[in-house]
Number of protein chains: 2
Amino acid sequence: MDPGTGTRRVTIVDVAAHAQVSTTAVSKVMRNAYGVSPAMRERVNAAIAELGYRPRAAARGMRGRTYTIGVVLPDIRNPFFPEIVDGISGHVRDTEYQVMLGTGSRISLPGTSASDAEVELRLIDSMVDRGMDGMVLVAPAAGQKRVDEAAAGVPLVVIGRHMRSALHDTVVDDDARGAALVVNHLADLGHRRIAHIDQREPDHGRAATMPNAVRTRGYRDAMTAQGLAGQIDVVSTGYTEEGGYLGAKQLLAREVRPTAIFAGADIVAMGVLTAVAEAGLRVPEDISVAGYDNTSFAALGPIGLTSVDQAGQQIGADAARLLLERIARRDRPSTFITTSPTLVVRRTTAAPPG
Amino acid sequence: MDPGTGTRRVTIVDVAAHAQVSTTAVSKVMRNAYGVSPAMRERVNAAIAELGYRPRAAARGMRGRTYTIGVVLPDIRNPFFPEIVDGISGHVRDTEYQVMLGTGSRISLPGTSASDAEVELRLIDSMVDRGMDGMVLVAPAAGQKRVDEAAAGVPLVVIGRHMRSALHDTVVDDDARGAALVVNHLADLGHRRIAHIDQREPDHGRAATMPNAVRTRGYRDAMTAQGLAGQIDVVSTGYTEEGGYLGAKQLLAREVRPTAIFAGADIVAMGVLTAVAEAGLRVPEDISVAGYDNTSFAALGPIGLTSVDQAGQQIGADAARLLLERIARRDRPSTFITTSPTLVVRRTTAAPPG
DNA sequence: GTGAAAGCGCTAACAC
DNA sequence: GTGTTAGCGCTTTCAC
């Protein structure tokens, strides 16, 4: 009836009619549900293929699942996150689930002063509103309470935050250990004035569980263990390239300059390298620089950044596995996975000058 | 009634009851539709706030809109794409729309040999199935026919592909001009053997409209215009870091080495820099390198890559604007926007040796 | 200006 | 095993 582009999309009813069965049968076949004879399954599948039927997730979602899992990233610019996403996608690929990404954009609008946490909360809500069957939160800025609230409503896996909860699963890197790896490496090279660039944490409540905070703690502890407690020097900016740039500017202006800078993330280290270059200093001859995440950029020829590898793909795959399990059985006990980081030494670290 | 966590979510019915109005009234208020008295609007809004009501997109989508726009990215690792996403998000921020990202992951699975184009097509379908009100396709690999098919079903804006269509809007960078900018810059510096690294294009049908193809054409034309037609040298790998690495390996193995390499994208240039460093050559003393996209990494201190800026945020914002317009009026004539690139000269290009 | 009621396309009880 | 039917939470005629 409908001419031109408006050809109504084929629905389960069309398939049922074409296959001469009930819509229930079609629905069951779609979901591999129990109670359909092979013959009927055959006919339904033929009809589906013939008509090119694809179920609408929205309609499915009204009663059952949408077969969609949402991933909330704090920032797409950080090259570490794609690793995690790849891990998730890879694990989900052979299932019927589809991954949808949401991210807080970092554009600073004049009037709007929504904090990162607010943007993130809004994003989480909007994903729930869109019927995600489950969600993965990567290093969420929200407080434990808000995360638990979300987890009460939808299967959830948190990546990066060091917080245990009965309501959601968690996958974290042993950030304290990773930080110690860097400090020990630098100390072994002979460095004493090893500074660290952290992310400023406005909310003290959640502070302790953020990955950056744990790295900073690991840094402090390792420095102390090395007998360098008096040399501890932390600058707090942000886990962005700009944060690294500004942090390094501060550190390089110290009366007694550090001989090594441990940036909390590779992306931060990128900014550090820029600032160091601008200051006319050579890496690693004048100053050593190390990062965290071992992103693909760290390996770049002109960079060769020493960095901590935290196996992002593995973390993503673990998270996806836990999420799928939890979607299947929401009351299953919660799991807490810790992965062990390793140090990848490249060309930005060497013995201190002199 | 429902105890514990299972507290049923508040629906439009709850709001209506609480405000002592009909569900129709609530629905109208939600959509700022015509035909509600200020008084009623007031009461409804109060009830919404009091109950913390949030409409479910799935349910809305069954009759009206989902207020969701989907963005399909070929690859999240390319640091240029976040620029576009920021542009889109920024434009959409003050509307009720929410942006959802989908991306083809680049994990190569042993058994699975789905091509990029297939993965992308599946992704587009799944976004349509999930009721996106509109979609932005960034440099889609699909053929014009498939894109048009998709555009017939859902408002669509294509970024990057140089193809006009009555069914969708298009936003492209003048890639030929950008390539000419690079070639002319290098030629002015005195280079003659200027090589180019392109993306291998398996499908000849769509080849001409892909951004990389247009850049390559621009390179050839500019070389010819400079009287360097005999020096044209194109290696086709891929728009990835690895593609740049492999391409540069090939070029550096030439009997007569090029004195400059124009990489089709910054991410490709990264790989080129790695290969050049491995070969023990200095940039720009021994060889010049230029990229395209002017991503944040190009500006990095230790990189300082000369690159073509194509204003990703602007492109994203334009695309979002066109999409919103098309969602509002699907039959509106299609628009084709071309943005003009500029060259950003940094430290990887200089006069050739000798 | 307002509300009753009919769907949207699917899933899940529940009959048969 | 199979089909009938009642919703899921919204939007949208269409009466009033």
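Here the structure is a predicted model, which means the values were calculated and not measured.

Criteria and cut-off values
- Within each chain, residues carry numbers counting from 1 in the order of the written sequence.
- Whichever chain is written first becomes A and whichever ligand is written first becomes 1, with later ones labelled in order.
- Two thresholds apply to this predicted model, a pLDDT of at least 70 for residue-level local features and 80 or more for giving and counting side-chain atom pairs, whereas whole-chain, interface and lining totals are computed over all residues.
- Excluding hydrogens and water, the side-chain values take into account all heavy atoms of the structure.
- In this analysis, two residues are considered to be in contact whenever any of their non-hydrogen atoms come within 4.5 Å of each other.
- Each of two parts loses accessible area, computed with a 1.4 Å probe, when they are put together; buried area is these two losses added.
- Criterion for a salt bridge: a side-chain nitrogen of Lys or Arg within 4 Å of a carboxyl oxygen of Asp or Glu.
- Here a polar contact is taken to be a pair of N or O atoms separated by no more than 3.5 Å, where protein atoms must pair a possible hydrogen donor with a possible acceptor and residues adjacent in sequence count only if both atoms sit in side chains.
- Here a strand is any run of E in DSSP of at least two residues, a helix any run of H or I of at least four, and the numbering for each starts at the N terminus.
- As a working rule, the residues Ala, Val, Leu, Ile, Met, Phe, Trp, Tyr, Cys and Pro are called nonpolar, Asp, Glu, Lys and Arg charged, and the rest polar, with Gly in that last group.
- C-alpha atoms of residues with pLDDT of at least 70 in both copies form the basis for the least-squares superposition of the copies.
- Here the expected span of a helix is defined as 1.5 Å times the quantity of residues minus one.
- Burial classes: relative accessible area under 20% of the type maximum marks a residue as buried, over 50% as exposed, and values in between as partly exposed (1.4 Å probe, protein chains only).
- Domains are outlined according to an automatic or database domain assignment.
- Working definition: residue near molecule or strand if any one of its non-hydrogen atoms lies within 4 Å of it.
- UniProt positions are given in the numbering used here, feature names are shortened, and annotations may be inferred rather than shown by experiment.
- On a range of 0 to 100, pLDDT expresses the predictor's confidence in each residue.
- Whether two strands pair comes down to DSSP finding at least two bridges between them.
- Every angle, taken between N-to-C directions, lies between 0 and 180 degrees, and every axis is a line fitted to C-alpha atoms, over only the stretch in contact when it is a helix.
- Between 65 and 115 degrees an angle is taken as roughly perpendicular, under 35 as roughly parallel, over 145 as roughly antiparallel, and anywhere else as oblique.
- Crossings are sorted by hand: turned counterclockwise from the far helix by less than a right angle, the near helix makes the crossing left-handed, and turned clockwise it makes it right-handed.
- Between rings of Phe, Tyr and Trp, where Trp is taken as its six-membered ring, a pair exists when centres lie within 6.5 Å; planes separated by under 30 degrees are stacked, by over 60 edge-to-face, and by other angles tilted.
- Lysine NZ or arginine CZ positioned within 6 Å of the ring centre and within 35 degrees of the ring normal marks a charge as sitting over the ring.

In this section: the interface of chain A and chain B. When the parts come together, some accessible area is lost, and that loss is often what is quoted as the size of the interface. With 56 residues of chain A at the interface, the matching set in chain B holds 55 residues. Of all residues in chain A, the largest losses of buried area upon contact with chain B belong to A:Arg77, A:Asp129 and A:Arg130, amounting jointly to 14% of the total for that side. Seen at the junction of chain A and chain B, the total is 10 salt bridges. The interface formed by chain A and chain B holds 19 residue pairs in polar contact (both at pLDDT 80 or more) in total. Here the side of chain A that touches chain B takes 7 residues from helix α5 (residues 81-92) of chain A, the largest share from any one element. In terms of residue class, the side of chain A that touches chain B is built from 27 nonpolar, 15 polar and 14 charged.

This brings us to the relation of the copies chain A and chain B. Expressed as a screw operation, the relation of chain A to chain B combines 0.0 Å of axial shift with a rotation of 180 degrees, fitting to an RMSD of 0.1 Å. The superposition operator between the copies reduces to a two-fold rotation axis.

Looking now at helix α13 (residues 312-328) of chain B. Taking 1.5 Å as the rise per residue, α13(B) with 17 residues should run 24 Å; its terminal C-alpha atoms sit 24 Å apart, in good agreement. Here α13(B) has its buried residues at B:Gly312, B:Ile315, B:Gly316, B:Ala317, B:Asp318, B:Ala319, B:Ala320, B:Leu322, B:Leu323, B:Leu324, B:Arg326 and B:Ile327.

A separate point is the domain arrangement of chain A. Domain assignment breaks chain A into domain 1 (12-55), domain 2 (68-173 + 311-339) and domain 3 (175-310). Look at where the C-alpha atoms of domain 1 of chain A and domain 2 of chain A centre, and you get two points 34 Å apart.

Let us now look at the protein's contact with DNA strand D. For DNA strand D, the set of nearby residues contains 24 residues, the closest of which are A:Thr24, A:Ser37, B:Ile12, B:Ser27 and B:Arg31. B:Thr24 is positioned with one of its side-chain polar atoms (N or O) 3.2 Å from a base oxygen of DNA strand D. Within the side chain of B:Tyr53, an N or O atom sits 2.8 Å from a phosphate oxygen of DNA strand D. Here the element with the most residues in the surface near DNA strand D is helix α4 (residues 57-63) of chain B; it accounts for 4 residues.

Close to DNA strand C lie 25 residues, the nearest being A:Ile12, A:Arg31, A:Tyr53, B:Thr24 and B:Ser37. A distance of 3.0 Å separates a base nitrogen of DNA strand C from a polar atom in the side chain of A:Thr24. In the model, a phosphate oxygen of DNA strand C is placed 2.7 Å from a nitrogen or oxygen of the B:Ser37 main chain. Looking at the surface near DNA strand C, the elements that each hand over two or more residues are α2 (23-30) and α4 (57-63) of chain A together with α2 (23-30) and α4 of chain B. Here the surface near DNA strand C takes 4 residues from α4(A), the largest share from any one element. Classifying every residue of the surface near DNA strand C by side-chain character gives 11 nonpolar, 8 polar and 6 charged.

Attention shifts here to the environment of B:Gly134. Residues and elements named next belong to chain B. Note that Gly134 resides in strand β3 (residues 134-138). Gly134 sits in the buried class, given a relative accessible area of 0%. Those residues in contact with Gly134, other than ones at most four positions away along the chain, are Thr68, Ile69, Gly70, Val154, Pro155, Leu323 and Ile327.

For the rest of this paragraph, the subject is the environment of A:Lys249. Residues and elements named next belong to chain A. Position of Lys249 among the secondary structure elements: in helix α11 (residues 241-252). Each C-alpha atom, one on Lys249 and one on Thr274, is 9.7 Å from the other, the two residues being 25 residues apart in sequence. Leaving out residues up to four positions away in the same chain, Lys249 has contacts with Ala275 and Glu278.

Further remarks concern the UniProt feature "domain: HTH lacI-type" (unreviewed entry) in chain A. Sites flagged by UniProt as "domain: HTH lacI-type" (unreviewed entry) map to residues 10-64 of chain A. Within residues 10-64 of chain A, the helical portion is 67% and the strand portion 0%, while the C-alpha atoms at the span's ends are 20 Å from each other.

Here we come to the confidence of the model for chain A. All names here are of chain A. In this model, chain A carries a mean pLDDT of 91, and residues with pLDDT of at least 70 account for 94%. For residues 1-5, every residue scores under 50 in pLDDT, and the model assigns this stretch 1 contact once sequence neighbours within four places are set aside. Below pLDDT 50 for its whole length, residues 108-113 participates in 4 contacts with residues either more than four positions away or in separate chains.

Before going further, it helps to spend a moment on the sheet that holds strand β12 (residues 342-344) of chain B. Residues and elements named next belong to chain B. In spatial order, the strands read β7-β6-β8-β9-β10-β12; together these 6 strands make up an open sheet with mixed pairing. Bordering the open sheet on either side are β7 (233-237) and β12, each of which pairs with just one other strand. Shown here is a sheet whose adjacent strand axes are inclined to one another by a mean of 20 degrees, direction ignored. Bridge analysis of strand β9 (residues 288-292) against strand β10 (residues 306-309) gives 3 bridges, and the strand direction is parallel. The residue of β10 that forms the bridge with Ala290 is Thr306. Running at roughly 165 degrees to β9, helix α8 (residues 175-189) makes contact with β6 (194-199), β8 (260-263), β9, β10 and β12 of the sheet. Of the strands in this sheet, β6, β8, β9 and β10 touch helix α12 (residues 266-278), which is tilted by about 155 degrees from β9.

Turning our attention to the pattern of salt bridges. All names here are of chain A. Scanning all chains against the criterion turns up 34 salt bridges over all chains. Put simply, Arg332 and Asp169 hold a salt bridge, and the shortest N to O gap is 3.3 Å. Of this pair, Arg332 sits in the loop between α13 (312-328) and β11 (336-339) while Asp169 sits in strand β5 (residues 169-173), placing them 163 residues apart in sequence. A salt bridge links Glu278 to Lys249; the nearest nitrogen and oxygen atoms lie 3.2 Å apart. Of this pair, Glu278 sits in helix α12 (residues 266-278) while Lys249 sits in helix α11; the two residues are 29 residues apart in sequence, bridging distant segments of the chain.

Time to look at the packing of helix α5 (residues 81-92) of chain B against α13(B). Residues and elements named next belong to chain B. At their nearest, the axes of α5 and α13 sit 6 Å apart, and the two run at 45 degrees to each other. On the basis of the axis angle, α5 is oblique to α13. Considering only the axes of α5 and α13, their crossing is right-handed. Contact residues: Glu83, Ile84, Asp86, Gly87, Ile88, His91 and Val92 in α5; Gly312, Gln313, Gly316, Ala317, Ala320, Arg321 and Leu324 in α13. Here the residues of the contact of α5 with α13 sort into 6 nonpolar, 5 polar and 3 charged.

Moving on: helix α6 (residues 116-129) of chain B. Residues and elements named next belong to chain B. The end-to-end C-alpha distance of α6, which contains 14 residues, comes to 20 Å, matching closely the 20 Å that a straight helix rising 1.5 Å per residue would cover. Of all the positions in α6, only Ala117, Glu120, Leu123, Ile124, Ser126, Met127 and Asp129 are classed as buried. Of the residues one or two after α6, Gly131 is the one with positive phi, at around 75 degrees.

Further remarks concern the sheet that holds strand β8 (residues 260-263) of chain A. Residues and elements named next belong to chain A. Across the sheet, which stays open at both edges, the 6 strands sit in the order β7-β6-β8-β9-β10-β12 with mixed pairing between neighbours. The sheet terminates laterally at β7 (233-237) and β12 (342-344), the two strands that pair on one side only. For this sheet, the mean inter-axis angle between neighbouring strands, taken without regard to orientation, is 20 degrees. Here 5 bridges tie strand β6 (residues 194-199) to β7, and the two strands are oriented parallel to one another. By the bridge assignment, Asp198 is partnered in β7 with Ser236.

Further remarks concern the packing of aromatic side chains. For the structure on display, the rule yields 5 aromatic pairs over all chains. Taking 6.2 Å as the distance between ring centres and 50 degrees as the angle between the ring planes, the aromatic pair formed by A:Phe80 and A:Phe81 counts as tilted. We classify A:Phe80 as buried; its relative accessible area is 6%. A:Phe81 gets classed as buried once you look at its relative accessible area, which sits at 11%. Note on A:Phe297 and B:Phe297: the rings are 3.9 Å apart at their centroids and 5 degrees apart in plane angle, and the pair reads as stacked. Taken together, the positions of A:Phe297 in the loop between β9 (288-292) and β10 (306-309) and B:Phe297 in the loop between β9 and β10 put the pair across two chains. One cation-aromatic arrangement involves B:Arg164 over B:Phe336; the distance from NZ or CZ to the ring centre is 3.9 Å.

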